[in-house]
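Structural overview
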Amino acid sequence: MVMMKSSILSLLTTLLLCSSSTNAIDLDIDSLESIQHATGLLATGLMDYYWGYDYGGTVGMFTNPYYWWEAGGAWGSMLDHWYYLQNDTYADVIFTAMQAQVGDDWDYIPLNQSTTEGNDDQAFWGIAAIQAAERNFTNPSSDEPQWLYLAQAVFNTMAWRWDTEHCGGGLRWQIFQYNSGYDYKNTVSNAGLFHIGARLARFTGNDSYVDWAEEIYDWLLGVNFITEGEWYFAYDGANIDDNCSSVTKLQWTYNAGMMVSGCAYLYNYTEDEIWLTRTEGYVKGISVFFNDSVLYEAACQASESCNNDQRSFKAYMSRFLGLTSVLAPTTYDTIRPWIEKSAKAAAQSCVGGYDGHTCGMNWFYNGWDGYYGLGEEMSALEIIQNLLAKDRPAPYTATNGGSSSGDGAAGSPTVIAYDQLLTLDGGDKAGAAIITIVIGVSIVAFGSWLVI
Ligand SMILES: *[C@@H]1O[C@H](CO)[C@@H](O)[C@H](O)[C@H]1NC(C)=O
Ligand SMILES: *[C@@H]1O[C@H](CO)[C@@H](O)[C@H](O)[C@H]1NC(C)=O
Ligand SMILES: *[C@@H]1O[C@H](CO)[C@@H](O)[C@H](O)[C@H]1NC(C)=O
Ligand SMILES: *[C@@H]1O[C@H](CO)[C@@H](O)[C@H](O)[C@H]1NC(C)=O
Ligand SMILES: *[C@@H]1O[C@H](CO)[C@@H](O)[C@H](O)[C@H]1NC(C)=O
Ligand SMILES: *[C@@H]1O[C@H](CO)[C@@H](O)[C@H](O)[C@H]1NC(C)=O
Ligand SMILES: *[C@@H]1O[C@H](CO)[C@@H](O)[C@H](O)[C@H]1NC(C)=O
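Treat the numbers as computed from the prediction; the structure is a model and nothing was measured.

1. Observations concerning the side chain of Glu-377
- Along the polypeptide, Glu-377 turns up in helix 13 (residues 374–385).
- Look at Glu-377: it is buried, it has no salt bridge, and the nearest opposite charge is Arg-311 at 9.5 Å.
- When neighbours within four sequence positions are excluded, Glu-377 is seen to be in contact with Leu-42, Gly-45, Leu-46, Tyr-49, His-357, Thr-358 and Cys-359.

Below is the structure:
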């Protein structure tokens, strides 16, 4: 409904007012004022998809058809907008949204999501939580769990699901047995745990997180979900039926982004050369996602088959590249030109829609390619605001500016899956299964595209 209305509107206005280029984003990457102006428009465009305070809306969730996980991603984009641009406009909205979805057990498994939530979904909210701690974002009051605690609760509840029974370890895609995808171990769930662990290690100085990160990394490497050597790649995942031996070799930007920045955090904290070698290896591998230095979602963009989820992946890659360039400074000279060229390319795509600055999906398309949505706004916002990655302090830690408090034992080890399973009726279970079947099929359907 929502999309229908705005698509008719934007179609009409595109037809009627083709001259709306006065609103276009004219980006000068060397000017803070220009970056402020551009990201101001994009942040507003992103928030057009947030109806949390409107009738029928839910605080913390974006409009249909955007799933809960993507909201976690979008609040991360807005948090960095707040931080990089030092702009408080949306600070309260971000805070309230991230609190609203935390769930009764303070671990980002809110009851409304409990029939469909996967490990990767939870990870995206966990990433927003550790990011809030690292940016020293306003904390909940001291008698409530703070950002660090929430990130630790996500990490711990995910780590407790580590499954050694199949494929020698790893997280499954799904948390709940009745969801299809439960038999699939995917890279993003495991890379998400690795990534959060790396950030918790650096923030807290607790080496148990390094041990965990190493274990996850070694497992991913052992089952060939990631590769080392000439090319450091991250693939999609595999089914447990044949012990994870048939890897789906799709490459998504967000997986590579989680790996490279996770390695960069570990290098920055441990100063161990192995993590620098790996960081640099993934930076080289990531070059497959650039076309003349312009970032693209190689697995689906050319075939125009990216779904709503996938259309936001470039946002996370942009964010993770900015972080990597700061935390592993030797990568800066490679990453910076990518961010600069991609930011310019993204900006020139933002000439669509009725507002005249709606962004497209394909940044090397000349002008607006006709795509629009939350993912397009997030991706353009992230690549442009990451021009400022080095101009603001690097992610804080508990000892140099991060004030969030936590607890290494955060999260409840009771397996929530079972008691929630009991309270579900048959209809909910079937609905949840159908949703994940659709997602699963769409991933397989795009499996025809393989890098190298
Ligand atoms: C702050 O952000 C808002 C919303 O994105 C924007 O309209 C405003 O221009 C920004 N202010 C500055 C000083 O950049
Ligand atoms: C859960 O869903 C109900 C019904 O859609 C909604 O009213 C409520 O705000 C939601 N709660 C959260 C925390 O999202
Ligand atoms: C299953 O895969 C794991 C990880 O690669 C390996 O350690 C284990 O030996 C395999 N098990 C069988 C039965 O092949
Ligand atoms: C790379 O960009 C050019 C335009 O700059 C385009 O013609 C070409 O199709 C792109 N390649 C891929 C693989 O998308
Ligand atoms: C860690 O990151 C900081 C901030 O960018 C940087 O100054 C420092 O050199 C990095 N440490 C290492 C070992 O590269
Ligand atoms: C972090 O936030 C706390 C609490 O608001 C504040 O006292 C502290 O100065 C902040 N640290 C930095 C580096 O801004
Ligand atoms: C360090 O992290 C581990 C793993 O999460 C946790 O079990 C332990 O309690 C933490 N130690 C401290 C002192 O917080």
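2. Regarding the site of ligand 3
- Around ligand 3, the neighbouring residues are Cys-167, Gly-168, Val-223 and Asn-243.
- Between an oxygen atom of ligand 3 and a side-chain N or O atom of Asn-243, the distance comes to 2.5 Å.
- Its residues assigned to classes, the shell around ligand 3 shows two nonpolar, two polar and no charged.

3. Side note on a negative patch on the surface
- Negative charge collects at one region of the surface, where Asp-207, Asp-211, Glu-214, Glu-215, Asp-218, Asp-272, Glu-273 and Glu-280 lie side by side.
- Of all the secondary-structure elements, those providing two or more residues to the negative patch are helix 8 (208–222) and helix 10 (273–286).
- Among the elements that take part in the negative patch, helix 8 stands out by supplying four residues, more than any other.
- Looking at the element boundaries, Asp-218 is found in helix 8.

4. Quick look at the packing of aromatic side chains
- The tally for this structure, following the rule as stated, stands at 38 aromatic pairs.
- Note on Tyr-49 and Tyr-66: the rings are 5.8 Å apart at their centroids and 85° apart in plane angle, and the pair reads as edge-to-face. Of this pair, Tyr-49 sits in the loop between helix 2 (32–47) and helix 3 (68–85) while Tyr-66 sits in the loop between helix 2 and helix 3, and the two are 17 residues apart along the sequence. Exposure class is identical for Tyr-49 and Tyr-66. Each is buried.
- Considering the side-chain rings of Trp-68 and Trp-125, the 5.1 Å spacing of their centres and the 20° angle between planes classify their relative orientation as stacked. Taken together, the positions of Trp-68 in helix 3 and Trp-125 in helix 5 (residues 119–134) put the pair 57 residues apart, joining distant regions of the chain. As far as burial versus exposure is concerned, Trp-68 and Trp-125 are alike and both buried.

5. A few points about the environment of Phe-95
- Positionally, Phe-95 belongs in helix 4 (residues 91–100).
- Given a relative accessible area of 23%, Phe-95 falls into the partly exposed group.
- Residues Phe-95 and Trp-75, 20 residues apart in the sequence, show an inter-C-alpha distance of 9.0 Å.
- Not counting residues up to four positions away in its chain, the partners in contact with Phe-95 are Phe-137, Thr-138, Asn-139, Pro-140 and Trp-147.

6. Examining the site of ligand 5
- Around ligand 5, the surrounding shell consists of Tyr-267, Asn-268, Glu-271, Val-326, Leu-327, Pro-329 and Ala-394.
- A distance of 2.3 Å is found between an oxygen atom of ligand 5 and a side-chain nitrogen or oxygen belonging to Asn-268.
- Residue Val-326 places a main-chain N or O atom 2.8 Å away from an oxygen atom belonging to ligand 5.
- Relative to its free-state accessible area of 360 Å², ligand 5 is covered by the protein chains to the extent of 60%.
- Looking at the shell around ligand 5, the elements with two or more residues in it are helix 9 (253–270) and helix 11 (313–327).
- Here the shell around ligand 5 is built from residues that sort into five nonpolar, one polar and one charged.

7. Points about the packing of helix 5 against helix 6 (residues 147–159)
- One can describe the packing of helix 5 onto helix 6 by two numbers: an axis separation of 7 Å at closest approach and a directional angle of 150°. When the interaxial angle is binned, helix 5 and helix 6 end up roughly antiparallel. Judged by the twist between their axes, the crossing of helix 5 over helix 6 is left-handed. Contacts from Asn-119, Gln-122, Ala-123, Gly-126, Ala-129, Ile-130, Ala-132 and Ala-133 of helix 5 reach helix 6 at Trp-147, Leu-148, Leu-150, Ala-151, Val-154, Thr-157 and Met-158.
- When its residues are assigned to classes, the contact of helix 5 with helix 6 shows eleven nonpolar, four polar and no charged.

8. Things to note about the pattern of salt bridges
- Inspection of the entire model under this criterion finds eleven salt bridges.
- The residue Arg-199 makes a salt bridge to Glu-134 at a minimum N-O spacing of 2.7 Å. Residue Arg-199 is found in helix 7 (residues 187–204), and its partner Glu-134 is found in helix 5; the two are separated by 65 residues along the sequence.
- Across the salt bridge formed by Arg-336 and Glu-340, the nearest N and O atoms sit 2.9 Å from each other. Residue Arg-336 and its partner Glu-340 are both found in helix 12 (residues 332–349); the two are separated by four residues, about one turn of the helix.
- Using a relative accessible area of 17% as the deciding quantity, one classes Arg-336 as buried.
- Each of Asp-163, Arg-172, Asp-183 and Lys-185 takes part in salt bridges that share partners, so that together they form one network.

9. Topic: helix 8
- Here helix 8 is 15 residues long and its end C-alpha atoms lie 21 Å apart, about the 21 Å a rise of 1.5 Å per residue gives.
- Listed in full, the buried residues belonging to helix 8 are Tyr-209, Val-210, Ala-213, Ile-216, Tyr-217, Trp-219 and Leu-220.
- Next to the buried residues of helix 8 lie helix 6, strand 1 (184–186), helix 7, helix 9 and helix 10.
- Looking at the residues trailing helix 8, positive phi occurs at Asn-224, about 65°.

Cut-offs applied
- For every chain, the first residue of the written sequence is number 1, and numbering continues from 1 onward in sequence order.
- Numbering of ligands from 1 and lettering of chains from A proceed in the order in which they are written.
- Side-chain atom pairs in this predicted model are given and counted only at pLDDT of 80 or more, local residue features only at pLDDT of at least 70, and totals for whole chains, interfaces and linings cover all residues.
- Remark: hydrogens and water are excluded; side-chain values derive from all non-hydrogen atoms of the structure.
- Numbering goes from the N terminus for both helices and strands, where a helix is a DSSP run of H or I of at least four residues and a strand is a run of E of at least two.
- For every residue, the accessible area obtained with a 1.4 Å probe (protein chains only) is divided by the maximum for its type, and the residue is called buried under 20%, exposed over 50%, and partly exposed between those limits.
- In this charge count, Lys and Arg are treated as positive and Asp and Glu as negative; neither His nor the chain ends contribute.
- Each reported salt bridge corresponds to a side-chain nitrogen of Lys or Arg within 4 Å of a carboxyl oxygen of Asp or Glu.
- Here, two residues are considered to be in contact whenever any of their heavy atoms come within 4.5 Å of each other.
- Whether a residue is near a molecule or strand depends on its heavy atoms: it is near if one of them lies within 4 Å of it.
- Think of a polar contact as two N or O atoms within 3.5 Å of one another; within protein, one of them needs to be a possible hydrogen donor and the other a possible acceptor, and neighboring residues in sequence only count if both atoms come from side chains.
- Lys, Arg, Asp and Glu make up the charged group, whereas Ala, Val, Leu, Ile, Met, Phe, Trp, Tyr, Cys and Pro make up the nonpolar group; the residues left over, Gly among them, are polar.
- Nonpolar side chains (Val, Leu, Ile, Met, Phe, Trp, Tyr) within 5 Å and like charges within 9 Å form the patches, drawn only from residues with over 30% relative accessible area and no salt bridge.
- Working definition of accessibility: Shrake-Rupley area with a 1.4 Å probe, residue cover restricted to the visible protein chains.
- To locate a charge, the coordinates of NZ of Lys, CZ of Arg, CG of Asp or CD of Glu are taken.
- Any two of the Phe, Tyr and Trp rings considered here, Trp counted by its six-membered ring, make a pair once their centres fall within 6.5 Å; the pair's planes then place it as stacked at under 30 degrees, edge-to-face at over 60, or tilted in between.
- Simply put, an axis is a line fit to the C-alpha atoms, just over the touching stretch for a helix, and the angle between two N-to-C directions goes from 0 to 180 degrees.
- For classification purposes, angles smaller than 35 degrees are called roughly parallel, those larger than 145 roughly antiparallel, those between 65 and 115 roughly perpendicular, and all remaining angles oblique.
- Should the near helix be turned counterclockwise from the far one by less than a right angle, the crossing is left-handed, whereas a clockwise turn marks it as right-handed.
- Helices are assigned an expected span. That span is 1.5 Å times one less than the residue count.

So yeah, pure geometry; function would need other evidence.
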